[in-house]
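Below, each chain spelled out in residue letters.
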Amino acid sequence: MAEGGNGAGRAGPFRRLVLYIPGFDPFPARRYRELYRTEGAAQARISGYDLSVARGDSTQGWTAQARIEGQEAEARIEVLGWSDIVRASMGQGLVATYGQLARTVWTYARARAFWRLFGLRKGPMIAALYPVAVLVAELIVALVIAVLVARMAAVLVPWPVAALLGLAIIWALLLLARRLDRRIFAWYLIHDYAFTASEGGRAPAALRPRLTEFADRIERALAEPWDEVLVVGHSSGAHLAVMALADLMRRRPLPDKPPLALLTLGQVMPMVTALKGASDLRADIGQVARAPGLTWVDVTAPGDGCSFALCDPVAVAGQGGPGVTKPLILSAAFSQTLSPERLRALRHRYFRLHFQYLCAFDRPGDYEYFAITAGPRTLADRFAGRRSSPSTVRTVITPGPA
């Protein structure tokens, strides 16, 4: 891991730029700003430090000032957004969505990935199959209701009219199901998995120019006077962060200063690297893992059923080997860092748990998002000397033969 200072003896506050890449999320950056403001205030009260958050000079970011561990620190947090791409992807009609479902299932079946991924972690695979089961069940229910209504209607009207009525009922019921999806997230998840697998593991065409923009922003940041540039990727944003960093590394060597660090949270990289077309991502992961001067910490939690908890994304992608020490694999350990009362309140709220990495812990441990992003120590210094969790899974998952 790269070296980093703790800010001791500094003439001014520690200054950090955080470049945050969200997962497959249609909401704009202000949602993350409000989450940071409210959860950061809660964490500051619990942990006994000072943290204030203010709007930045753009709609994509905000600033934070903190006094943590007796030291002053300033941070600018910018969201490297792609919510417009997500919204466009989610704007598919009913027929197109069911077509996406079929293509996505076929993509994973063709790569013979299902059982390999189940062998890593069952939770994220159950989460992946859940929307398939829900959408198929909704279609079956709609068909049954439509057939019953059409048969009754055929007594009164010609059968072509009854058949059209049945089709209209199917359409209406599926539209209703999609409208009510804000409670169960099945349609949302299908769009998420379908977008990721749309080109068999390659970065979707709509996303590639944005990844170049992300790499451009990181490159500019490294020319600015920061004490640390911290790239944070959450969920599917984790592998986007890796791709953007690899793009940058192909352009130029990383500078010694400012220190560059990568923090991946709740990652789902095996869902992509298990696909046949993900050779570029697998190579990018290996390149980032071997990059000198870069700190990479990967944080997941067994309580997060939507992530591949404690699975080394480098080893799983077949990119491990002698001398590869990144990333440091840590557990957010929800069963220890959240009180029993808090865990009960979050029970069965699986998507909220997937966002817990960005929220306050009422029994904070080594991982604490706000101290990391707004505090006076670099990521390298904070976790210096730490070893990966002994429960880390390093099973290689590669696509099956054609």
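1. Comments concerning the packing of aromatic side chains
Taken as a whole and assessed by the stated rule, the structure comprises 17 aromatic pairs. Summarising the aromatic geometry, the rings of Tyr108 and Phe114 are spaced 5.9 Å apart at their centres and angled 40° between planes, so their arrangement reads as tilted. Consider the rings of Phe334 and Phe361, whose centres lie 6.2 Å apart with planes at 40°: the pair is tilted. Taken together, the residues span a long stretch of sequence, with Phe334 in helix H13 (residues 334-337) and Phe361 in the loop between helix H15 (350-354) and helix H16 (369-374) at a distance of 27 residues. Residue Phe361 is classed as buried on the basis of its relative accessible area of 0%. Three or more aromatic residues joined by ring pairs make a cluster, and in this case those are Phe24, Trp82, Phe185, Tyr188, Phe195 and Phe351. Taking the ring centre of Tyr32 as reference, the NZ or CZ of Arg31 above it sits at 6.0 Å. One residue, Arg31, lies across the ring of Phe355, its end atom 5.2 Å from the ring centre.

2. Describing the nonpolar core
Of all hydrophobic cores here, the largest spans 68 residues; its most connected members are Trp82, Leu117, Ile218, Leu260, Leu262, Val288 and Trp296. In terms of residues, this core owes the most to one element, helix H9 (residues 237-251), which gives ten residues. Setting aside chain neighbours within four positions, we find Trp296 in contact with Val242, Leu262, Thr264, Met269, Ile285, Val288, Ala289, Pro313, Val314, Lys326, Pro327 and Leu328. Membership of the second largest hydrophobic core comes to 41 residues, among which are Ala66, Ala261, Ala332 and Phe383.

3. Quick notes on helix H7 (residues 186-196)
The buried fraction of H7 is high, at eleven of eleven residues. Inspection of H7 places Ala186, Trp187, Tyr188, Leu189, Ile190, His191, Asp192, Tyr193, Ala194, Phe195 and Thr196 among the buried residues, and these make up the whole buried set. Buried residues in H7 make contact with helix H2 (83-90), helix H3 (94-110), helix H5 (122-154), helix H6 (159-179), helix H10 (270-273) and H15.

4. Re the packing of H9 against helix H11 (residues 279-289)
Two elements in contact, H9 and H11, have axes separated by 9 Å at closest approach and are oriented at 70°. Considered as vectors, H9 and H11 are oriented roughly perpendicular to each other. Regarding H9 and H11, the two cross each other, and that crossing is left-handed. In this structure, H9 contributes His239, Val242, Met243, Leu245, Ala246, Met249 and Arg250 to the contact, and H11 contributes Leu281, Asp284, Ile285, Gln287 and Val288. Among the residues making up the contact of H9 with H11, the classes are represented as eight nonpolar, two polar and two charged.

5. Details of the confidence of the model for the protein chain
Regions with low pLDDT carry predicted coordinates that are not meant to be interpreted in detail. The predicted model of the protein chain averages 92 in pLDDT, with 97% of residues at 70 or higher. Every residue in residues 1-5 is under pLDDT 50, and counting partners more than four places away or in other chains gives 16 contacts.

What counts as what
- Residues numbered from 1 in each chain as written.
- Predicted model: local features only at pLDDT ≥ 70, side-chain atom pairs only at ≥ 80, totals over all residues.
- Heavy atoms only, no water.
- Phe/Tyr/Trp six-rings, centres within 6.5 Å; stacked < 30°, edge-to-face > 60°.
- Helix = DSSP H or I, 4+ residues; strand = E, 2+ residues; numbered from the N terminus.
- Buried < 20%, exposed > 50% of the residue type's maximum accessible area, 1.4 Å probe, protein only.
- Lys NZ or Arg CZ within 6 Å of the ring centre and 35° of its normal.
- Core = buried A, V, L, I, M, F, W, Y, C linked by side-chain atoms within 4.5 Å.
- Contact = heavy atoms within 4.5 Å.
- Axes fitted to C-alpha atoms, helices over the stretch in contact; angles between N-to-C directions.
- Parallel < 35°, antiparallel > 145°, perpendicular 65-115°, else oblique.
- Left-handed = near helix turned anticlockwise from the far one by under 90°.
- Nonpolar A, V, L, I, M, F, W, Y, C, P; charged D, E, K, R; others polar.
- pLDDT = per-residue confidence, 0-100.

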